Amino acid sequence: MRWYRIASMFLFCVLVFSNALVYAQTGSQNTVGFNQQWKFFLGDAPAAADAGFDDAAWRSVQLPHDWSIELPFDSTSPTGTGGGALRGGLAWYRKTFTLPASANGKNVFIDFDGVYCNSEVFINGHSLGVRPNGFISFRYDLTPYLKYNQQKNVIAVKVDNSQQPNARWYSGSGIYRNVWLVTVNKVFVDHWGTQVSTPQVSAAAATVHINTMVRSSSASAGKAAVKTSLYNERQQVVATKTSNIQLGSNSVASLAQQFTVATPALWSVDHPQLYKAVTEIIVNNTVVDTYHTVFGIRYFNFDAAKGFSLNGKPLKIMGVCNHHDLGCLGAAINTRALERQLQILKAMGCNGIRTSHNPPAPELLDLCDKMGFIVMDEAFDMWKKQKNKYDYHLNWDEWHKQDLQDQVLRDRNHPSVMIWSIGNEIQEQWSGKDGKDSSGTVIARELAAIVKALDTTRPITSALNSPYPNNAIYASGALDLVGFNYHHQDFASFPQKFAGQKFIGTETVSALQTRGHYDMPSDSIRRWPSRWDKPVENANADLTCSAYDNCSAPWGSTHEETLKELLAHEFASGMFVWTGFDYLGEPTPYPWPARSSYFGIIDLAGFPKDVYYLYKSIFTDKPVLHVFPHWNWQPGQMVDLWAYYNQADEAELFINGQSMGTKKKTGNELHVMWRVPFTPGTVQVISRKNGKQVLQQTIHTAGPAARLQLTADRQLLQASGNDLSFITVKVMDKDGNLLPNADNLVNFTVRGNGAIAGVDNGSPVSMESFKASKRKAFNGMCLAVIQTNGKPGSISVTASAEGLAPASVQLSVR
């Protein structure tokens, strides 16, 4: 959870030079967003670090910013298709700002949530340091170099993502997460300076332990009081305590406080109740700092025989792995876009997120806390041994300890975080042909010790892809929770192979699907490509994978194959499916011109694939009946119709009113299928329980395209300048049926207080720009993302296509 300071006594505002942000004062300290009115230049400008450099000709940008997503797809990009075929490069950012005279004598810091990558930050020409890791958050002290009383200050940031490849997926480039300016008094709660734990929890009472790090930058020693108040979600104080602390000059002191909360509201995936600790630092009877920590009260357990339980109740972790890009928005973080992803996943029955394969944006964890997701917080994709020529292994020796410590310090108060992962498919897990390479064992123990020095309340795992007891990382004894990737067929053997060990599927499935594309027959499973290290042999020209759940990568399995194993074994705590959403890069099984993945349960635009409803039928308590595919085929063609359903005993298929038979799921089957000849008209499926209808779904043969249909996910937006509405466009016939193969070019016109932030259609092979005002439909659908511009009012969005009736949607901004 982001720990933040707010106005506690009074508020005044000053305009920061060349900046539209509001500078909120709380007597002695404040935190403000620092994202507005930066200057950007793609290319090297060595003199740009100097305060007097002329950046008037540079482009103005608002952070967070990803410059790679603005570039054209390029088959010659050194990132390769694994990196999304979008180039990196080197660039500079600069920002001019002023500070009031009242800030003089205080401490001023700048916090970066993430910069990709190899950043160096300058203030008024002075280098503050470098940070190679593109995923970690970090802080610099600006105080010694600042000017006050409306004199100009200049922050310059050099970002070097030119050495490629340095990641196995799309990384993005730039200051792609939020930036904050923090002003505090001489005595304050240190950066990431609170640690909350709940060592004893019951329905009657919970013990809350809070350790607070108080920093003094004063040249003299002194005393302070630390007052901590705990608030529930109704903003009622449920416990409070004041303790005295002795502070040395230019020092950090630690204070432990313990509280009892009666009848606590427990955090769970269904009811994610949150508390807030408000810490006040008091010097000479004056509050000099106020610091907020949001936390949750819950207890959980991983058991070798019974799997996972939360607050004493058994629960399967049905999680997904996600990379950090947001489709057409690239890597630039946007809270609403993240929230939309989580809402779509939650509706599917998903309750877990793995941050593949690095620390996430803080906003993701904030949302997981609020929305009820269990998080596996992952640190590294490699250690000292490389996966790519220019990846993090080059920085390992110098930076891994600092980066891991910072991740744990930043994230350890999030109730959603329940697992630390110290690595993904690490090369050091193999001990070498001679069995003498013990580096995996040595490093695993070191990393586990770093984590446990800062947090002992969560288990440590590593996502291993060698499921044998002689795995060097497993053999280290450093893992509290044994995590393996894939090998679903070996689930049954794990209790014997790893006796007494707790288990979770850290990465599973790797099924391959293109939304809305169907290859028949559907009842044979294809492993594609035949080898993990080669693209598809004789790849078909359309670069598709069937949306029937019958295709997977050779190391993986279909969704249904994997779910059967997960559901059959009580000891399996859960799994994280690869992946929740399609993502840029890694277009297995295809080479160029494929440029994004096929792995997602949901496509790159956020449109669910059919298998989404398989998970919904198992992991939600809502009635589900989902029938597919569409009903536009060649006369006489044999078509496989699948149905996912729940809360019913059977499903009956009718074609043009004639019954084609009733089907029941037998054994451990999770769907039913009919193979029937295509006849134009109407498909209807009715699900029943004890002979009574539960649900029915009807699919019609679509006629010629006649009109567009627009649907906004939200029509009421905030005038924040970064709120979004996702507009789904469908190509329909005159009767309102989706054209399943439509690829019409759709043009967008936006009027009012907003603009297009991105366009997409979910196709993994489209070379169209994400930053355009038009997009071809893909299998009948496309997407426009509309962003507010900071002003209240209204936005009108119109979509048009040649020969079709246009459509509009109205948005309100307040």
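In what follows, the structure referred to is the one given above.
A short tour of the structure in this document, coming up. From a predicted model like this one, the values you see are computed outputs, not experimental measurements.

Cut-offs and rules
Residues numbered from 1 in each chain as written. Predicted model: local features only at pLDDT ≥ 70, side-chain atom pairs only at ≥ 80, totals over all residues. Heavy atoms only, no water. Helix = DSSP H or I, 4+ residues; strand = E, 2+ residues; numbered from the N terminus. Rg over C-alpha atoms; globule rule 2.2 N^0.38 Å. Buried < 20%, exposed > 50% of the residue type's maximum accessible area, 1.4 Å probe, protein only. Contact = heavy atoms within 4.5 Å. Salt bridge = Lys/Arg side-chain N within 4 Å of Asp/Glu carboxyl O. Pairing = 2+ DSSP bridges. Axes fitted to C-alpha atoms, helices over the stretch in contact; angles between N-to-C directions.

### Concerning the overall build of the protein chain
When its secondary structure is counted, the protein chain shows 8 helices and 46 strands. Computed over the C-alpha atoms, the radius of gyration of the protein chain is 27 Å, within 12% of the 28 Å expected from 2.2 N^0.38 for a compact globule of 814 residues. Dimensions along the principal axes, computed over C-alpha positions, put the protein chain at roughly 90 × 60 × 60 Å. Residue burial in the protein chain is summarised as follows: out of 814 residues, 60% are buried. Taking contacts inside the protein chain between residues at least 6 apart in sequence as the whole, the part at least 24 apart equals 70%.

### Section: the pattern of salt bridges
Using the criterion set out here, one finds 33 salt bridges in the structure. One salt bridge in this structure joins Arg 336 and Asp 713, with 2.6 Å as the shortest N-O distance. Pair noted here: Arg 336 is in helix 1 (residues 335–348) and Asp 713 is in the loop between strand 38 (707–712) and strand 39 (716–717), with a separation of 377 residues, a long-range link. Looking at Asp 713, the relative accessible area reads 34%, which means it is partly exposed. Here the residues in one salt-bridge network are Arg 168, Asp 381, Lys 387 and Glu 586, joined through shared partners.

### What about unusual backbone geometry?
In most cases, non-glycine residues show a negative phi, while peptide bonds are predominantly trans. Put simply, Tyr 116 and Cys 117 share a cis peptide bond, and its omega is -10°. Note that Cys 117 resides in the loop between strand 5 (107–112) and strand 6 (119–123). Residue Phe 628 is joined to Pro 629 through a cis peptide bond whose omega torsion reads 10°. Here Pro 629 shows up in the loop between strand 31 (625–628) and strand 32 (638–645). A positive phi angle is found at Glu 586, which is not glycine, with a value near 45°. Relative to the elements of secondary structure, Glu 586 occurs in the loop between strand 30 (572–578) and helix 8 (612–619). What makes Glu 586 buried here is its relative accessible area of 18%.

### A few points about the sheet that holds strand 44 (residues 781–788)
Strands sit in the order 38-40-44-42 across an open sheet of 4 strands; the sheet is antiparallel. Each having just a single partner strand, strand 38 and strand 42 (754–760) make up the two edges of the open sheet. The mean angle between the axes of side-by-side strands here comes to 25°, regardless of whether they run parallel or antiparallel. Two strands pair when backbone bridges link them, and strand 38 and strand 40 (residues 724–732) are joined in this way by 6 bridges, in the antiparallel orientation. By the bridge assignment, Thr 711 is partnered in strand 40 with Thr 728.

### Remarks on the sheet that holds strand 41 (residues 745–752)
Judged by pairing direction, the sheet is mixed, and its 5 strands sit side by side in the order 39-46-45-41-43 without closing on themselves. Edge positions in the sheet fall to strand 39 and strand 43 (774–776), since each has one partner strand and no second. The sheet contact formed by strand 45 (residues 793–800) and strand 46 (residues 807–813) spans 7 bridges and is antiparallel. Bridge pairing in strand 46 places Val 797 opposite Val 809.

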